[in-house]
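Each chain, written out:
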Amino acid sequence: MKVKLKNVFVIYFLVSVIGLMYALLQLGQPCDCTLHLKSASDLLHAKEKKLSQLHSELKRLQGREKALEPAEQELSVIYAITPTYARLVQKAELVRLSQTLLHVKNLHWIVVEDSPVKTQLVSELLAQSRLRFTHLHAETPKEHKRKESDPNWLKPRGVEQRNLALQWLRENRQLGDKGTVYFADDDNTYSLRLFDEIRSTKRVSVWPVGLVGGLRFERPLVENGRVVGFYTAWKPSRPFPMDMAGFAVSLPLLLANREARFDLQAERGYLESSLLQSLVSIEELEPKADNCTKVRAGGVRPDCASSIPMQPSRLKCPPDR
Ligand SMILES: *[C@@H]1O[C@H](CO)[C@@H](O)[C@H](O)[C@H]1NC(C)=O
């Protein structure tokens, strides 16, 4: 009997111990699980933190990249001055030019009509151009107007109009304003690379022009980075034997020399010289377009009808100005 009771007691003890151990195991397991979960979520948090760190680092670097490209408002303005007059191809030429200018950052287009009023054609074209523009008009005095029968080089065109644009700049811009002024006629073609290069003009920059002056191109001659002469066929003795499309002037220089303007009385071919003479000397000219070895602007058709001679000596007709 005694032994039996002892046995029961032992069995009871064993069952209790096993039960207790089982209960402890059951208790311990969820405890382990939360630990796992906790470490997993800690890891997730760490990864998320790292990701957001990388994200902000990326943003910072992207911002720096943007900052490396000069912001548009920091680029100095290019003022393209375009005199224009009513003719069959006027709209086509202005559309073509405006769509070139659309590609140029920080550009201000000053269009001056040779007309007693602003015409509807040009007004609408400008309004739809998506360009920053100023629309002016000035009628060329009768005695200076080119007649239908006059050869195209007899009287320079666009003189009053370009001068009005210069006057507008002097009245609407202040000393200290940065900018480059370029006389971009509506019958030429312009390479976008030209605009990148002329933005840095300090006084007057120059470069070759294609299909003008009865030549395949005219160009300043450059030695050791300085202009020493000009390749031209028409009156090489002119002070600045260059086409209107072949130079740009810094705005500060024009603002500082308030009297500098194109001379309405200038002999043919001397119009460019009439402005430039009061602004720079040949030695001060800044050659662009790889030391004036590349053509970045020019006429769109030969201006000397039959053929463009290779040599200046074979030139048959005077240039278009
Ligand atoms: C122009 O020529 C000068 C002198 O020969 C040279 O130092 C300079 O690098 C040249 N510039 C370009 C853009 O080729």
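Residues numbered from 1 in each chain as written. Predicted model: local features only at pLDDT ≥ 70, side-chain atom pairs only at ≥ 80, totals over all residues.

Under the annotation held in an unreviewed UniProt entry, the protein carries the name Galactosylgalactosylxylosylprotein 3-beta-glucuronosyltransferase and is attributed to Varanus komodoensis. Among the UniProt annotations of the protein, the heading Pathway (unreviewed entry) holds the following wording: "Protein modification; protein glycosylation." According to its UniProt record, the protein has this under Sequence similarities (unreviewed entry): "Belongs to the glycosyltransferase 43 family." (UniProt positions renumbered as here; feature names shortened; annotations may be inferred.)

### What to know about the overall build of the protein
The secondary structure content of the protein amounts to 8 helices and 12 strands. For the protein, the residues scored as buried account for 31% of the 321 residues in total. For the protein, the share of sequence-separated contacts (at least 6 apart) that also reach a separation of at least 24 residues comes to 76%. (Helix = DSSP H or I, 4+ residues; strand = E, 2+ residues; numbered from the N terminus. Buried ≥ 20, exposed ≤ 12 C-beta atoms within 10 Å, placed from the backbone. Contact = placed C-beta atoms within 7 Å.)

### A closer look at the site of the ligand
All residues in the neighbourhood of the ligand are listed as Asn224, Gly225, Asp290 and Asn291. Looking at the shell around the ligand residue by residue, the class counts come to no nonpolar, 3 polar and 1 charged. (Near = placed C-beta within 6 Å. Nonpolar A, V, L, I, M, F, W, Y, C, P; charged D, E, K, R; others polar.)

### As for the sheet that holds strand β4 (residues 179-183)
Taken in spatial order, the 7 strands of this open sheet run β3-β2-β1-β4-β10-β6-β11, and their pairing is mixed. The outermost strands of the open sheet, each flanked by one partner alone, are β3 (132-137) and β11 (286-287). As defined by bridge partners, strand β2 (residues 107-113) adjoins β3 across 6 bridges and the pair is classed as parallel. If you follow Val111 over to β3, its bridge partner there is His135. Packed onto the sheet, helix α2 (residues 90-101) meets β1 (77-84) and β2 and runs at close to 175 degrees relative to β1. Contacting β1, β2 and β3, helix α3 (residues 120-127) runs over the sheet at an angle of about 170 degrees to β3. (Pairing = 2+ DSSP bridges. Axes fitted to C-alpha atoms, helices over the stretch in contact; angles between N-to-C directions.)

### Brief notes about the UniProt feature "glycosylation site" (unreviewed entry) in the protein
The sites that carry the UniProt feature "glycosylation site" (unreviewed entry) are, in the present numbering, Asn291. With respect to the secondary-structure elements, Asn291 resides in helix α8 (residues 289-292). In this structure Asn291 touches Val222 and Gly225, once residues within four positions along its chain are discounted.

### Considerations on unusual backbone geometry
Of note, Ala289 is a non-glycine position whose phi angle comes to about 55 degrees, a positive value. Along the chain, Ala289 turns up in helix α8. Using a count of 24 C-beta atoms within 10 Å as the deciding quantity, one classes Ala289 as buried. A positive phi angle is found at Asp290, which is not glycine, with a value near 50 degrees. Locating Asp290 in the fold gives a position in helix α8.

### Considerations on helix α4 (residues 159-172)
Over its 14 residues, α4 extends 20 Å from the first C-alpha to the last, a length consistent with the 20 Å expected when each residue adds 1.5 Å. Here the buried face of α4 lies against β1, β2, β3, β4, α6 (251-256) and α7 (271-276). (Expected span 1.5 Å × (residues − 1).)

### Digging into the UniProt feature "active site" (unreviewed entry) in the protein
Under the UniProt annotation, the feature "active site" (unreviewed entry) is placed at Glu272. Structurally, Glu272 can be placed in helix α7. Not counting the four nearest positions on each side in its chain, Glu272 is found in contact with Phe240, Met242 and Met244.

### What about the environment of Arg199?
Considering the arrangement of structural elements, one finds Arg199 in the loop between α5 (192-198) and β6 (204-206). Arg199 sits in the buried class, given 20 other C-beta atoms within 10 Å. Linking Arg199 and Ser250, residues 51 residues apart in sequence, is a C-alpha distance of 8.6 Å. Once residues within four sequence positions are removed from consideration, Arg199 is found in contact with Leu75, Ser76, Ile78 and Thr180.

### Remarks on the environment of Val280
Looking at where Val280 falls in the secondary structure, it is placed in the loop between α7 and β11. The spatial distance from the C-alpha of Val280 to the C-alpha of Phe240 is 10.0 Å, given a sequence separation of 40 residues. Excluding anything up to four places from it in sequence, Val280 contacts Arg203, Val204 and Leu285.

### Let's talk about the nonpolar core
Counting 55 residues, the largest nonpolar core has Tyr79, Ala80, Ile81, Ile110, Val181, Tyr182 and Val206 as the members making the most contacts within it. Per element, the largest residue contribution to this core is 5 residues, and it comes from β2. (Core = buried A, V, L, I, M, F, W, Y, C linked by C-beta atoms within 7 Å.)

### With respect to the pairing of β1
Among the 8 residues of β1, 7 are classified as buried, and the element is accordingly described as predominantly covered. The pairing of β1 with β2 spans 7 bridges and is parallel. Bridging across to β2, Ile78 finds its partner in Leu107. Handedness of the crossover is the feature at issue here: the chain leaves β1, passes through α2, returns alongside β2, and the resulting connection is right-handed. (Right-handed = clockwise from strand over helix to strand, strands pointing away.)

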